[in-house]
Amino acid sequence: MPVTLDNLLVIGISSRALFDLEAEEAIFRNQGLEAYRRHQLENENDILKLGAGFALVRALLKLNVLVHNQRFVEVVIMSRNSSETSMRIFNSIRHYDLDITRAVLSGGASLAPYLRAFNVSLFLSLHEDDVQAAIDSGVAAARLYQKPGNAFEELDQIRIAFDGDAVIFSDESERIFQTQGIEAFENHERENALKPLPEGPFARLLKALSYIQNNVKAGDGRSSPIRTALVTARSSPAHERVIRTLRAWDVAIDETFFMGGVAKSDVLAAFRPHIFFDDQPGHCERAAPLVQTGLVPLRKPGVDA
């Protein structure tokens, strides 16, 4: 029987997000493909330094050792490298003892068509075009900012923080706020308080994390191995619809912050997430020096998943 990834949390991550390949990226952009190819072949036994997504990936893979003979997470390297230039990536994976066995090496072609083929739940990259294509295809995706200084600090739990609108929830209400203002937004949310918000690109990921939280204990046998936070610019009266939506989804978020327009960065620094997802560049730019941050782009209008 073929192996299936259907019941796993599948993380697709670019090689440049897992490892620090900024020098190599500069060679490619400034000197071209042949210079990049030659550099990677000549240095394929040199171990790469850790990239922006490394801490999250390492933490998630630890979930697979909590229950005997049961996997919860699969990580797939997704790279525009060719197989010829990828040995350095695989050598670095082996060096850091990462349980990663699957890869997509597209040889310069778009990665988006292969996301659903591997049942990817979350795609992380530093390439804006690949992230946008993933979002447009209906897959949760984020463009990572460069790692902050504390990115590899060991934490007892996997900690993930989410913005609400256009991330966990659809951008329907966000668009009302952007086009009609705060009063129209609050009136809309008050009138629809009993109606669950439509799912956003990260709803599926949140539900998968919630399932693991409810069914797996950490190494101490008591606590959950995952802790989640919702850090949203919403405030009263727009809070009610959020609470009722999560209740309708049967999802419990551990910590919730209705910021009411107050900057999110200090709360995020206190929560200490492995990663924070937000759709607003301003929020991301303020958070990025403090916590690992991923920008979630809006789906382009008229694009069907």
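Procedures and definitions
- Residues numbered from 1 in each chain as written.
- Predicted model: local features only at pLDDT ≥ 70, side-chain atom pairs only at ≥ 80, totals over all residues.
- Heavy atoms only, no water.
- Salt bridge = Lys/Arg side-chain N within 4 Å of Asp/Glu carboxyl O.
- Helix = DSSP H or I, 4+ residues; strand = E, 2+ residues; numbered from the N terminus.
- Buried < 20%, exposed > 50% of the residue type's maximum accessible area, 1.4 Å probe, protein only.
- Polar contact = N/O pair within 3.5 Å; in protein donor to acceptor, adjacent residues only side chain to side chain.
- Contact = heavy atoms within 4.5 Å.
- Phe/Tyr/Trp six-rings, centres within 6.5 Å; stacked < 30°, edge-to-face > 60°.
- Lys NZ or Arg CZ within 6 Å of the ring centre and 35° of its normal.
- Pairing = 2+ DSSP bridges.

Going by an unreviewed UniProt entry, the chain carries the name 5'-nucleotidase and comes from Noviherbaspirillum aridicola.

Peer 1: Describe in detail the pattern of salt bridges, supporting the description with residues and values.
Peer 2: Summed over the entire model, instances satisfying the criterion amount to 21 salt bridges. For the salt bridge of glutamate 24 with arginine 88, the shortest nitrogen-to-oxygen distance reads 2.8 Å. With glutamate 24 in helix H2 (residues 22–31) and arginine 88 in helix H5 (residues 87–95), this residue pair connects regions lying 64 residues apart in the sequence. Here arginine 88 falls in the buried class, since its relative accessible area comes to 8%. Measuring nitrogen to oxygen at the nearest pair gives 2.9 Å for the salt bridge that ties arginine 37 to glutamate 84. Taken together, the positions of arginine 37 in helix H3 (residues 33–42) and glutamate 84 in the loop between strand S2 (73–79) and H5 put the pair 47 residues apart, joining distant regions of the chain. Note on glutamate 84: relative accessible area 38%, which makes it partly exposed.

Peer 1: Kindly report on the side chain of serine 224, identifying the contributing residues and their values.
Peer 2: Structurally, serine 224 can be placed in the loop between helix H9 (203–215) and strand S7 (226–232). In this structure the side chain of serine 224 is engaged in a polar contact, spanning 3.0 Å, whose partner is the backbone oxygen of isoleucine 226. Sequence-distant contacts of serine 224, defined by excluding residues within four places in its chain, comprise Gln157, Gln213, Val216 and Ala218.

Peer 1: Help me get a handle on the packing of aromatic side chains, residues and values and all.
Peer 2: The tally for this structure, following the rule as stated, stands at nine aromatic pairs. When the centroid spacing of 6.0 Å and the interplanar angle of 75 degrees are considered together, the rings of phenylalanine 28 and tyrosine 36 count as edge-to-face. Taking the centre distance of 5.6 Å and the plane angle of 50 degrees together, the rings of phenylalanine 169 and tryptophan 249 count as tilted. Residue phenylalanine 169 is found in the loop between strand S6 (158–162) and helix H7 (172–180), and its partner tryptophan 249 is found in helix H10 (residues 239–249); the two are separated by 80 residues along the sequence. Classification of phenylalanine 169 by relative accessible area gives buried; the value is 1%. Grouped by ring-pair contacts, the aromatic residues Phe19, Phe54 and Tyr96 constitute a single cluster. Sitting over the face of the ring of tyrosine 145, arginine 143 holds its NZ or CZ atom 5.2 Å from the ring centroid. Over the face of the ring belonging to tryptophan 249 we find lysine 207, whose NZ or CZ atom lies 4.9 Å from the ring centre.

Peer 1: Describe the pairing of strand S1 (residues 9–13), naming the residues involved and giving the relevant values.
Peer 2: Burial runs high along S1: five of the five residues are buried. Burial along S1 is two-sided: the residues Leu9, Ile11 and Ile13 and Val10 and Gly12 are all buried. Direction of pairing for S1 relative to S2: parallel, over a ladder of five bridges. From the neighbouring strand, valine 10 faces S2, where its bridge partner is glutamate 74.

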